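# Architecture and fold: a report
Residue strings, one per chain:
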Amino acid sequence: MTDSVKLMNGSTDKSVCAILLAAGSSTRMGENKMLMRFCGKTPIELCMEAFFKHADEFVVVVSDSTREEALSAAKRLWEGRSKSVKIVNGGKRRQDSVYNALKAASSDIVAIHDCARCCVSDEIIASSIASALEKGCGVASCKVVDTLRFADSGEVVDRDALLCAQTPQCFAKNALMDAYSQVDAEDTYTDDAAIYSSAGNKLYFTKGSSSNIKLTGREDVALVQAILGNKDNVTEKSCGSVPQFRIGLGEDTHRLKEGRPLILGGVHIPHEYGLDGHSDADALAHALIDAVLGACALGDIGMHFPDSDMRYKGINSLELVRHTAALVRESGFEIGNLDATVTAQKPKLGPFRDAMREKLAEAFGIDICAVSVKFTTPEHTGPEGRGESMTVRASALVFKS
Ligand code: MG
């Protein structure tokens, strides 16, 4: 694999070790983000794949809860290939974890990367390693785009003088080890660039990207999915080739309750029973939302609009439809057509079909011709047939716009 480094970086025989950090506690996510799956893979596996062609050696830093996944991902990826992989334990702080990894690494250059940045591109990795090979250091960084102010005075900070440091951060290993050996054990650093420069070394920055995001909170999940789903290089490696057209399925059931308004497809239907739920319980809108999200691999309705969130209490589900349509378009997809079947014993829904189609078409931002709504009675069988609930099944086709 030294050959591939030679090819990318001109003439060098220096070896590269990828140090992948996967020992975080994920407190802001509410679950272990290293074990979440994107395109069917965990952030650990995605990062191993991303660095595969750039590194000769791998050191993966794990916690008790991520060790097993790191081992099995390494086995899947390295089966039958000769590449060194070491799994080491994380420390109390980030710098303790990196130091454990540095002691295990034997390459000339180390490329230190947070596995939470699982959308990292080939280009970002290659340029930061190239900079370390040439100048001893390469830190992936981004310009600041927001206006920054001091919290106390409100005074604006000159953002042109600032950079957001990302990872990978790549260094000549010996120089970084020297810097680590000079660190006061009491001092805590947030990244390796800080430790490297504290020893008087000059930092060199390489181009990061706003797509190289750090999976931190729940709100990042859909973003990571969208970036990975649309990123050509990761898509090829991780998701197979994505065809231009994609389909999705959705299903939703709600109980019927006396006195609740019955809302389907945004239309209020006169009936003594209505669907019960946290929102307006519009099962037709919900099943279609899930079908569309599914087609784009953007998760499901519960992920985007959790019923534990009071913002969605009693909400008109067409608002959720509009939000979903915007998400879909932000991900580079356009909705082709939608089809749904409502299973309900009573009341007669046929007369409301076109009103539902019209409202759904408007909310999804597509032509009414592309929206089909059908109804079926379950012949008095099952909970729908007994009038206890209604179920909607839906499909959606989307395409790359
Ligand atoms: Mg629902």
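Scroll up a little and you will see the structure.
Procedures and definitions
- Residues numbered from 1 in each chain as written.
- Predicted model: local features only at pLDDT ≥ 70, side-chain atom pairs only at ≥ 80, totals over all residues.
- Heavy atoms only, no water.
- Axes fitted to C-alpha atoms, helices over the stretch in contact; angles between N-to-C directions.
- Helix = DSSP H or I, 4+ residues; strand = E, 2+ residues; numbered from the N terminus.
- Parallel < 35°, antiparallel > 145°, perpendicular 65-115°, else oblique.
- Contact = heavy atoms within 4.5 Å.
- Nonpolar A, V, L, I, M, F, W, Y, C, P; charged D, E, K, R; others polar.
- Expected span 1.5 Å × (residues − 1).
- Buried < 20%, exposed > 50% of the residue type's maximum accessible area, 1.4 Å probe, protein only.
- Donors = N, O, S within 2.8 Å, 3.2 Å for Na, K, Ca; no water.
- Pairing = 2+ DSSP bridges.
- Core = buried A, V, L, I, M, F, W, Y, C linked by side-chain atoms within 4.5 Å.
- Phe/Tyr/Trp six-rings, centres within 6.5 Å; stacked < 30°, edge-to-face > 60°.
- Salt bridge = Lys/Arg side-chain N within 4 Å of Asp/Glu carboxyl O.

## Things to note about the packing of helix α10 (residues 283-295) against helix α12 (residues 317-330)
Two elements in contact, α10 and α12, have axes separated by 10 Å at closest approach and are oriented at 10°. In terms of orientation, α10 and α12 fall into the roughly parallel class. Between α10, through A285, H286, I289, V292 and L293, and α12, the contact on the second element is made entirely by S317, L320, V321, T324, L327 and V328. Of the residues contributing to the contact of α10 with α12, the split by class is eight nonpolar, three polar and no charged.

## Quick word on helix α5 (residues 122-135)
In a regular helix each residue adds 1.5 Å, so 14 residues correspond to 20 Å; α5 covers 20 Å between its end C-alpha atoms and thus fits that length. When we look at burial in α5, the residues that qualify are I124, I125, S128, I129, S131, A132 and L133. Immediately downstream of α5, the backbone of G136 shows phi near 95°, a positive value.

## Details of the coordination of the magnesium ion
For a metal bound by four donors in tetrahedral geometry, the ideal donor-metal-donor angle is 109.5 degrees, whereas six donors in octahedral geometry ideally sit at 90 or 180 degrees. Donor atoms from the polypeptide that bind the magnesium ion are D252 (OD), H254 (NE2) and H286 (ND1), placed at 2.2 to 2.3 Å. When the donor residues of the magnesium ion are listed from N- to C-terminus, their spacing reads D-x1-H-x31-H.

## Some remarks on the sheet that holds strand β13 (residues 273-275)
Across the sheet, five strands lie side by side as β13-β10-β16-β14-β15; this open sheet has mixed pairing. For this open sheet the edge positions go to β13 and β15 (371-376), each flanked by a neighbour on one side alone. Each adjacent strand pair in this sheet contributes to an overall mean axis angle of 20°, direction not counted. Here eleven bridges tie strand β10 (residues 245-258) to strand β16 (residues 389-400), and the two strands are oriented antiparallel to one another. Residue pairing for β16: R246 is matched across the bridge by V398. Across the sheet, α10 touches β10, β13, β14 (333-343), β15 and β16, and the angle it forms with β10 is around 155°. Sitting on the sheet, helix α13 (residues 353-364) is in contact with β14 and β15, with an inclination near 140° to β15.

## Side note on the nonpolar core
If you look at the biggest cluster of nonpolar residues, it comprises 51 residues, and the most contacted ones within it are L264, L284, L338, L360 and F364. Among the elements of the structure, β11 (262-264), β12 (267-269), α10, α12, β14, α13, β15 and β16 are those that each provide at least two residues to this core. Here the element with the most residues in this core is α10; it accounts for ten residues. Beyond its immediate chain neighbours, meaning those up to four positions away, L338 contacts L288, V292, F364, I366, A370, V371, S372, S395 and A396.

## Comments concerning the packing of aromatic side chains
Taken as a whole and assessed by the stated rule, the structure comprises four aromatic pairs. A ring pair is formed by F245 and F399, whose centres lie 6.1 Å apart and whose planes are at 50°; its orientation type is tilted. Of the two residues, F245 sits in strand β10 while F399 sits in strand β16, which places them 154 residues apart along the sequence. For F245, a relative accessible area of 48% gives the class partly exposed. On the accessibility criterion, F399 (25% relative accessible area) is partly exposed.

## Examining helix α2 (residues 43-51)
Extensive coverage of α2 is indicated by the burial of nine of its nine residues. Three or more residues of α2 are buried, namely P43, I44, E45, L46, C47, M48, E49, A50 and F51.

## Overview of the sheet that holds strand β8 (residues 163-172)
One open sheet holds the seven strands; their spatial order is β3-β2-β1-β4-β8-β5-β9, and the pairing between them is mixed. Lying at the two open borders of the sheet, with one neighbouring strand each, are β3 (84-89) and β9 (205-207). Between one strand axis and the next, the sheet turns by 25° as a mean value, whatever way the strands run. Sheet topology places strand β4 (residues 109-114) next to β8; four bridges connect them, and they run antiparallel. Within β8, the position partnered with A111 by the bridge is C170. Docked against the sheet, α2 engages β1 (16-22), β2 (57-62), β4 and β8, running at close to 165° with respect to β1.

## Things to note about the pattern of salt bridges
Summed over the entire model, instances satisfying the criterion amount to 20 salt bridges. A salt bridge links R393 to E251; the shortest N-O distance between them is 3.5 Å. Here E251 lies in strand β10 and R393 lies in strand β16, a separation of 142 residues in the sequence. Among the ionic pairs, R357 bridges to D354, the shortest N-O distance being 3.1 Å. Here D354 and R357 lie together in helix α13, a separation of three residues that amounts to about one turn. Given the relative accessible area of 46%, D354 is considered partly exposed. Each of R37, E45, E69 and R76 takes part in a single network of salt bridges with overlapping partners.

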